[in-house]
Amino acid sequence: PGLKGTVRLTGRTDDVAKHMAAADLFVFLSRKEGLGLVILEAMATGLPCVVSSLDGITAEMIDHGRSGYIATDPDDADGVGRLLESLLSGPEERRRVGEAARAVAVERFSFAARAEAISRLYRDVLKERDPRIARGSSA
């Protein structure tokens, strides 16, 4: 009830960045997802996120209470409401969680971080096959 008149459901948009810039927080209560890229996008913009628990996805992205919040039951309106209320009533908490979310997105999921992880994987595979290759020696 305290949110009445403050939540807008705008429908589909091609200008996601504009909407994220105007938001105070990001809520994603999906029950099934492939990757949840939109969660990473929200984190990268510094939005504190409240997301549902998605197997193999959200726990890899969000450290509950530090870089966002994971709602264990997206159908528990009271539980989700408490998470939202704590964020909406605490600008310092929103700032802290949003900053942590952005740091995680950049450190773990940015293009540079992913490219380094893939390069490291290839170096490890090459090292197992031929240690000279991993050292940069030519055969």
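Please read all numbers here as calculations on a predicted model, not as lab measurements.

Quick word on the pattern of salt bridges
In step 1: Following the criterion strictly, the structure yields eight salt bridges and no others.
In step 2: With its nearest N and O atoms 3.3 Å apart, the salt bridge here joins D63 to R66.
In step 3: The exposure class of D63 is partly exposed, given its relative accessible area of 41%.
In step 4: Among the ionic pairs, E116 bridges to R120, the shortest N-O distance being 3.5 Å. Linking E116 with R120, this pair stays in helix α6 (residues 111-129), spanning four residues, or about one helical turn.
In step 5: Looking at E116, the relative accessible area reads 35%, which means it is partly exposed.
In step 6: A cluster of three or more residues bridged by salt bridges with shared partners is formed by E92, R95 and E99.

Brief notes about the pairing of strand β2 (residues 49-52)
In step 1: Judged by which residues are buried, β2 turns out to be covered on both faces: C49 and V51 on one side and V50 and S52 on the other are all buried.
In step 2: Both strand β1 (residues 26-28) and β2 contribute to a ladder of three bridges, which runs parallel. Across the sheet, residue F26 finds its bridge partner in β2, namely C49.
In step 3: Of the crossover connections in this fold, the one passing from β1 over helix α2 (residues 37-44) to the parallel β2 is right-handed.
In step 4: As judged from the three bridges shared by β2 and strand β3 (residues 69-71), these two strands associate in the parallel manner. The residue of β3 that forms the bridge with V50 is Y69.

Overview of the packing of helix α5 (residues 91-109) against α6
Each pair of packed helices gets described by two things: the angle between the helix axes and the distance between those axes.
In step 1: Where α5 contacts α6, the axes come no closer than 5 Å and their chain directions differ by 35 degrees. Here α5 contributes V106, E107, R108 and F109 to the contact with α6, which in turn contributes F111, A113 and R114.
In step 2: The residue makeup of the contact of α5 with α6, split by class, is four nonpolar, no polar and three charged.

Remarks on the sheet that holds β3
In step 1: Taken together, three strands build an open sheet; the order of strands is β1-β2-β3 and the sheet is parallel. Two strands close off the open sheet at either side, each with one partner strand: β1 and β3. Across this sheet, the average inter-strand angle for adjacent strands is 15 degrees, counted without regard to direction.
In step 2: Docked against the sheet, α2 engages β1 and β2, running at close to 170 degrees with respect to β1.

Scoring rules and cut-offs
Residues numbered from 1 in each chain as written. Predicted model: local features only at pLDDT ≥ 70, side-chain atom pairs only at ≥ 80, totals over all residues. Heavy atoms only, no water. Salt bridge = Lys/Arg side-chain N within 4 Å of Asp/Glu carboxyl O. Buried < 20%, exposed > 50% of the residue type's maximum accessible area, 1.4 Å probe, protein only. Helix = DSSP H or I, 4+ residues; strand = E, 2+ residues; numbered from the N terminus. Pairing = 2+ DSSP bridges. Right-handed = clockwise from strand over helix to strand, strands pointing away. Axes fitted to C-alpha atoms, helices over the stretch in contact; angles between N-to-C directions. Contact = heavy atoms within 4.5 Å. Nonpolar A, V, L, I, M, F, W, Y, C, P; charged D, E, K, R; others polar.

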